[in-house]
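# Coordinate analysis (summary)
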Amino acid sequence: TAQFVELVKDFSLKGQGEPLLEYAQEHPTESAAAEALRIISAEGQTNLVVKALSGPKAAGVATAAGNSGEKALALLLEPVVTDGTREVAVRKAALTGLAQTLEGAQFLVALAKEDKFPADLRFTAMTELNNLRWANLKAEGAKLMPLPSSQNAQPLPPIAELVKLKGDGAKGAQVFRRVEVGCINCHQVNGEGMDFGPRLSEIGLKLGKDAIYESILDPSAGISFGFEAWQLELKNGDEPFGIIASETADEVALKTQNGITSKYKKDEIVKRDKMKTSIMPTGLQLTMSQADLVDLVEYLTTLKKAAH
C-alpha cells in the first residue's frame with residue numbers, strides 16, 4: 001500500500017525492494033510508486049527494476065521510473081526505447097519517462113538527430129520533444145521533429161478579430177480531448193481529465209473570450225496564482241520539476257504534469273528556482289486549424305457550472 005511505502009521511507013527500512021517494486025507495478029501512476037522506485041534506487045537495487053522492465057508489467061515500471069525523476073532510473077529506460085523486440089506500449093512509456101529528466105531529454109534529442117525513432121514511436125517522440133521543459137532542448141527537438149502544421153497554416157488574425165468569430169462548442173469539446181492538442185492531459189472539466197493545471201469547469205464565468213485566446217496563444221502572459229512552475233536542485237544532483245502542491249517547515253511536495261506528487265525534505269534541497277514561463281506549452285495553435293481554435297474557445301466559454 002501507499003502507507004507501506006511511506007513507512008519504509010520514514011523509518012529507512014532496508015531490504016524492501018521487492019514489495020516496493022510490486023506496489024509500483026500495481027499502481028504505476030501513483031505518487032507512492034515513484035517514491036518506491038526512488039527508495040529502490042537509493043539502496044542500489046536497480047537490478048530489480050532492470051528485471052521488471054522485461055516482465056509482464058514493464059510499461060507500468062517504465063511509467064513509475066520516469067515519474068520518479070531519478071537520473072539513475074532514467075538511464076535504465078534508454079535501451080528500452082530503442083529495443084524493437086519490446087511491446088510498443090512499454091517503449092512509449094519509457095520514452096515519456098525519459099522526457100522527465102535532463103539526461104533523458106538529451107538522449108531523445110540525440111535519437112531525433114540520428115533519425116532513429118521508429119514509425120510507431122514518432123508521434124509520441126514528436127509530442128514529448130515539443131513539450132520539453134529545457135528551452136534549448138525544446139527548441140532543438142521542435143526543429144528536428146516539428147508538430148504537424150494546421151490544415152490552413154496561415155497567420156492567425158489578432159485576438160480582437162478572433163473574438164468576433166462564432167465557433168461550434170460541440171466540435172470544440174472534441175478538440176479539447178484530442179491527443180495532439182492535449183488540453184485534457186493537464187486540465188479537468190467536471191472531473192474528467194488530469195488534475196494538474198487550473199480546473200476549467202467554470203472557466204466561462206471567470207474569463208472572457210479575449211482572455212481565453214490570450215491564455216492559449218501566450219500561456220506565460222498570465223500564469224494563475226498557485227500554478228507557477230518550480231525546479232528544485234537536490235544534493236544528489238536530481239532536478240525535480242513541478243507545481244508546489246504543499247509545503248511544511250520540513251518538506252516540499254511537488255506535483256508533476258503526470259499528476260504525481262512527490263515529497264522532498266528541505267535539508268535535501270540545495271536550490272529552488274521559480275520558472276518565468278508557464279508549464280502550459282506554447283504553440284498549441286500549431287496543433288489545430290483556425291476553425292478548431294475558434295471552436296475550442298467557444299467550448300471553453302460554455303463551461304460555466306460544475307456538474308453535480
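Look up: the structure comes first, before these words.
### Points about the side chain of Ser289
As for its position among the elements, Ser289 is in the loop between strand S7 (269–274) and helix H15 (290–302). Here Ser289 falls in the buried class, since its relative accessible area comes to 7%. Separated by 3.1 Å, the side chain of Ser289 and the backbone nitrogen of Asp292 make a polar contact.

### Looking at the side chain of Asn67
When you line up the elements, Asn67 lands in helix H5 (residues 58–68). Filtering out sequence-adjacent residues up to four positions away, Asn67 remains in contact with Pro28, Thr29, Ala34, Arg38, Asn258 and Ile260.

### Focus: the pattern of salt bridges
Under the definition given, this model contains 20 salt bridges. For Glu35, the salt bridge goes to Arg38, with nearest N and O atoms at 3.2 Å. Residue Glu35 and its partner Arg38 are both found in helix H3 (residues 31–42); the two are separated by three residues, about one turn of the helix. Using a relative accessible area of 9% as the deciding quantity, one classes Arg38 as buried. In this structure, Lys209 and Glu298 form a salt bridge, with 3.0 Å as the shortest nitrogen-oxygen distance. In this pair, Lys209 is assigned in helix H14 (residues 209–217) and Glu298 in helix H15, connecting sequence segments 89 residues apart. Judged by relative accessible area, Lys209 falls into the partly exposed class, the value being 22%. Counted as one network, the salt bridges with shared partners bring together Lys9, Glu35 and Arg38.

### Remarks on the packing of aromatic side chains
A complete count under the given rule lists one aromatic pair for this structure. One residue, Arg272, lies across the ring of Trp230, its end atom 5.3 Å from the ring centre.

### Topic: the sheet that holds strand S3 (residues 229–234)
With respect to topology, five strands assemble into an open sheet ordered S6-S5-S4-S3-S7, the strand pairing being antiparallel. Each end of this open sheet is capped by a strand with a single partner; those strands are strand S6 (261–265) and S7. Strand-to-strand twist across the sheet, computed as the mean angle between neighbouring axes with direction ignored, equals 45°. Where S3 meets S7, five bridges bridge the pair, whose relative direction is antiparallel. Each residue of the ladder has a partner; that of Trp230, found in S7, is Lys274.

### Topic: helix H2 (residues 17–26)
The periodicity of an α-helix, 3.6 residues per turn, causes residues three or four places apart in sequence to face the same way. Here H2 has its buried residues at Gly17, Leu20, Leu21, Tyr23 and Ala24. What you see down the axis of H2 is that its buried residues fit within an arc of 155°, all on one side. Facing away from the buried side of H2 by more than 90 degrees, the exposed set consists of Glu18 and Glu22. Looking at the buried side of H2, the elements it contacts are helix H1 (2–10), H3, helix H4 (46–52) and H5.

Basis of the calculations
- Residues numbered from 1 in each chain as written.
- Predicted model: local features only at pLDDT ≥ 70, side-chain atom pairs only at ≥ 80, totals over all residues.
- Heavy atoms only, no water.
- Helix = DSSP H or I, 4+ residues; strand = E, 2+ residues; numbered from the N terminus.
- Buried < 20%, exposed > 50% of the residue type's maximum accessible area, 1.4 Å probe, protein only.
- Polar contact = N/O pair within 3.5 Å; in protein donor to acceptor, adjacent residues only side chain to side chain.
- Contact = heavy atoms within 4.5 Å.
- Salt bridge = Lys/Arg side-chain N within 4 Å of Asp/Glu carboxyl O.
- Phe/Tyr/Trp six-rings, centres within 6.5 Å; stacked < 30°, edge-to-face > 60°.
- Lys NZ or Arg CZ within 6 Å of the ring centre and 35° of its normal.
- Pairing = 2+ DSSP bridges.
- Axes fitted to C-alpha atoms, helices over the stretch in contact; angles between N-to-C directions.
- Arc of directions from axis to C-beta.

So yeah, pure geometry; function would need other evidence.
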